[in-house]
Amino acid sequence: MSVASCLRSEDQFLCSICLDVFTDPVSTPCGHNFCKNCINEHWNSNDQYLCPLCKETFYTRPKLHINTLLNEMVSQFRQEAQQKASSSSSEQQAAKPGEVPCDVCTGTKLKALKSCLVCLTSYCETHLEPHLTKPGPKRHQLMDPLENLEDRMCMKHDKPLELFCKTDQTCVCVLCSVLEHKTHEFVPLKEEYEGKKAELGKTEAEIQEMIQKRRLKIQEIKHSVDLSEEAADREKAEGVQVFTALKKSVEKGKNTLINSINKKQKKTEKQAEDFIKELEQEISELKKRSSEVEKFSHSEDHLHLLQNFPSLKAAPPTKDWTEVSVRPSYEGTVVRAVAQLEETLSKQMKKLIEAELKRVQQYAVDVTLDPDTAHPYLILSDDGKQVNHGDVKKNLPDNPERFTRYVNVLGKQSLTSGRFYFEVQVKEKTNWNLGVARESIDRKGEIALTPKYGIWTICLRNENEYKALAGPSVRLSLKSQPQKVGVFVDYEEGLVSFYDVDAAALIYSFTGCSFIEKLYPYFSPCNNDGGINSAPLIICPINQTD
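Every value quoted in this text rests on a predicted model; they were computed, and no experiment measured them.

The rules behind the values
- Residues numbered from 1 in each chain as written.
- Predicted model: local features only at pLDDT ≥ 70, side-chain atom pairs only at ≥ 80, totals over all residues.
- Heavy atoms only, no water.
- Buried < 20%, exposed > 50% of the residue type's maximum accessible area, 1.4 Å probe, protein only.
- Helix = DSSP H or I, 4+ residues; strand = E, 2+ residues; numbered from the N terminus.
- Arc of directions from axis to C-beta.
- Contact = heavy atoms within 4.5 Å.
- Salt bridge = Lys/Arg side-chain N within 4 Å of Asp/Glu carboxyl O.
- Core = buried A, V, L, I, M, F, W, Y, C linked by side-chain atoms within 4.5 Å.
- pLDDT = per-residue confidence, 0-100.
- Disulfide = S-S within 2.5 Å.

## Some thoughts on helix 2 (residues 36-44)
So, step 1. Buried within helix 2 are the following residues: C38, I39 and W43. Projected onto a plane normal to the axis of helix 2, the buried residues spread over an arc of 125° and lie on a single side. When the buried face of helix 2 is taken as reference, the exposed residues oriented beyond 90 degrees from it are N37, E41 and N44.
So, step 2. As for helix 2, its buried residues are in contact with strand 1 (25-27), strand 2 (33-35), strand 3 (49-50) and strand 4 (57-58).

Written out as structure tokens, the structure reads:
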């Protein structure tokens, strides 16, 4: 039976006057039990003989006798409690480094079980027994073992720190409250403790929520890494496939080029061989005639020479070789081969751009125009999807967001991370600007439309002059005039790309950009030039490319 279990059975052995275990218990006529000395002193100090418990009045002082049975039970309880205390003391362990030792133990210091905030002392199980059984110490405040209990005393008045000064936010003793802090607001330490404990509970909940959010962020980042790895594997596979196909095309083109040249060379060699054979045949005939001429020229037979002279004088029939030549021509062979390869590369590039465009269209955002940013000359449609330049300046409030120098308007939607994509119809326009701009762009003054001033755009000027406003501008050579332009932004990558949607062609990309604030879609339909450029810029719904 532990000390705690003894306590549970101890209540029946306590005197209700001294609140201690009975000493020489006696019984009153009403049946209640008290220590003999306690009840006698109680009656000696009162005019009436009343039972302290039930208040029954006795007209004569009762004669009291020791309650033998109860006395024996109390003696047995005391003996068992002492044996248990002795037994538990032998089972206790010596305090280890870092553990709070008992302040009462002599010799080997046992591990403290509790610390008393009233006595400012730490007790092992054995020395704690009075605080568990004696009425006075039982009312003391016990806590788990604490070190440096002297820190709980007021350094100035050597009194326990029992109050909390809310004015100075510090712990004080009773004397502090009536001396140095007498005009301040105080609460018991326990009350402030409960309040602070509740605050710490909220703090702990907030910290746990922050921890959970960060764990989720870790999962999100890991998932992003997994997705990135999958995308990297996919891109590598596609890249290998593309370059393998290109390598095959190049190899095929090279072989075709070599075969073509070899074929021409063989043809030239055959032609030369035939010419040489024919020439050698003529040489043979000429040599034969030369021998005959030489023979007759030395002949002394006058008649024979004169008879054969007509046939000897004329040379044998031969070909006119003056204009005959062997001139192999390879001009344009390599150029034609490279042009054919370029056509193959162009087809392959188109397939790649189509695939890329299909991927970026997955980040489509439903963009609408922000009327609070629109220049007073601009006309916006009711659904916020179209804008064109009008001839009349509207009377609009000059709020800080509104453009007043350039005919610009921003989209309502912004981007601070991730990716977004939108498409704009530019059909039938002769001038326009399109792209994205950072939030802090100057809406009132004169600025250059360049990344330096927070604007990433491409533009059309004079119907067919396309530029990327990169500062300095980059002239763009496009195979066809875009009717619909796609704009893609990757915030973390620092990328802004423009696409000819219908032709599935990349127009231009700003790379290595540094984005540190919100980005907004940027539109400028430019002046209408007397109606020539009156067509609107139209934000289009996204139709996935086939």
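## Quick notes on the pattern of salt bridges
So, step 1. By the definition in use, this model includes 19 salt bridges.
So, step 2. Between E192 and K166 there is a salt bridge; the shortest N-O distance is 3.2 Å. Taken together, the residues span a long stretch of sequence, with E192 in helix 7 (residues 189-297) and K166 in the loop between strand 8 (163-165) and strand 9 (170-172) at a distance of 26 residues.
So, step 3. The exposure class assigned to E192 is buried, which follows from its relative accessible area of 8%.

## Quick look at the nonpolar core
So, step 1. Counting residues in each nonpolar core, the largest one holds 36 residues, and the members touching the most others are W432, V485 and F523.
So, step 2. Residue contacts for W432: discarding those within four places in its chain leaves V426, I458, C459, L460, R461, Y466, V485, S524, C526 and L537.
So, step 3. Within the second largest apolar cluster, 16 residues are counted, among which are V21, C38, L64 and F77.

## What about the confidence of the model for the protein?
So, step 1. For the protein, the mean per-residue pLDDT works out to 86, and 95% of the residues sit at or above 70.
So, step 2. With pLDDT under 50 throughout, residues 1-8 is counted as low confidence; its partners more than four residues away or in other chains account for 11 contacts.

## A look at the state of the cysteines
So, step 1. Using the criterion set out here, one finds zero disulfides in the structure.
So, step 2. C459 carries a free sulfur, and the closest cysteine sulfur to it, the one in C526, is 7.6 Å from it.
So, step 3. Relative accessible area serves as the criterion here: at 2%, C459 is assigned to the buried category.

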